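# Descriptive structure summary
Here is what each chain is made of, one letter per residue.
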Amino acid sequence: MQIQASGPEPKAVQTLTGPCTQCREIKEKRWEAVRQGNTHLAEATTVAMGQHLRAEHS
Ligand SMILES: [Zn+2]
């Protein structure tokens, strides 16, 4: 197993170990919206998730 030392990349580590705090918050909001049958809010959180992934995890 090789260890790649290409500098400190906390964001890359976060994507490997799991979703970040914001990811979890958005997912929880989406689940709550789905549970309440609020499709409009569910769609909004899906869009927010896509924007967050592009901004923070690309
Ligand atoms: Zn995230």
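What you see is a predicted model; the values in this text were computed from it and never measured.

### Considering the overall build of the chain
Across its full length, the chain holds three helices and zero strands. Tracing the chain from N to C terminus, the helices and strands come up as α-α-α. Looking at the chain as a whole, 3% of its 58 residues are labelled buried.

### Notes on the packing of helix 2 (residues 21-35) against helix 3 (residues 39-56)
How two helices pack is summed up by the angle between their axes together with the distance between the axes. Where helix 2 meets helix 3, the closest approach of the two axes is 8 Å, and the angle between their N-to-C directions is 165°. Relative to helix 3, the element helix 2 is oriented roughly antiparallel. Relative to helix 3, helix 2 is oriented so that their crossing is left-handed. On helix 3, the residues that touch Gln22, Cys23, Ile26, Lys29, Arg30, Ala33 and Val34 of helix 2 are Leu41, Ala42, Thr45, Thr46, Ala48, Met49, His52 and Glu56. Among the residues making up the contact of helix 2 with helix 3, the classes are represented as eight nonpolar, four polar and three charged.

### Some thoughts on the environment of Ala48
Along the chain, Ala48 falls in helix 3. Classification of Ala48 by C-beta neighbours within 10 Å gives partly exposed; the count is 15. The spacing of Ala48 and Lys27 is 21 residues in sequence and 9.9 Å in space, taken between C-alpha atoms.

### Topic: the environment of Leu53
Take Leu53: it is sitting in helix 3. Taking the C-beta count within 10 Å as the criterion, Leu53 has 15 such neighbours and is therefore assigned partly exposed. Separated by 34 residues in the primary sequence, Leu53 and Pro19 place their C-alpha atoms 9.9 Å from one another.

### Quick look at helix 2
Its 15 residues place the ends of helix 2 21 Å apart at the C-alpha level, agreeing with the 21 Å of an ideal helix rising 1.5 Å per residue. Directly after helix 2, the chain includes Gly37, whose backbone phi takes a positive value near 75°.

Rules and cut-offs
The written sequence of each chain sets the order in which its residues are numbered from 1. With the structure being a predicted model, the display of local features is reserved for residues of pLDDT at least 70 and the display and counting of side-chain atom pairs for 80 or more, all residues being used for whole-chain, interface and lining totals. Numbering of helices and strands runs from the N terminus, with a helix taken as a DSSP run of H or I at least four residues long and a strand as a DSSP run of E at least two residues long. Exposure criterion: with C-beta atoms placed from backbone coordinates, a residue whose C-beta has 20 or more other C-beta atoms within 10 Å is buried, one with 12 or fewer is exposed, and one in between is partly exposed. Between N-to-C directions, angles span 0 to 180 degrees; the directions come from axes that are lines fitted to C-alpha atoms, helices contributing only their stretch in contact. Here is the rule for angles: anything less than 35 degrees is roughly parallel, anything more than 145 is roughly antiparallel, 65 through 115 is roughly perpendicular, and the remaining ranges are oblique. Take the far helix as the reference: if the near one is turned anticlockwise from it by less than a right angle, the crossing is left-handed, and if turned clockwise, right-handed. Here the contact rule is simple: place C-beta atoms from the backbone, and any two residues whose C-beta atoms are within 7 Å are in contact. Polarity classes work like this: nonpolar for Ala, Val, Leu, Ile, Met, Phe, Trp, Tyr, Cys and Pro, charged for Asp, Glu, Lys and Arg, and polar for all others, with Gly in that last group. Expected helix span is taken as 1.5 Å per residue step, with the number of steps being one fewer than the number of residues.

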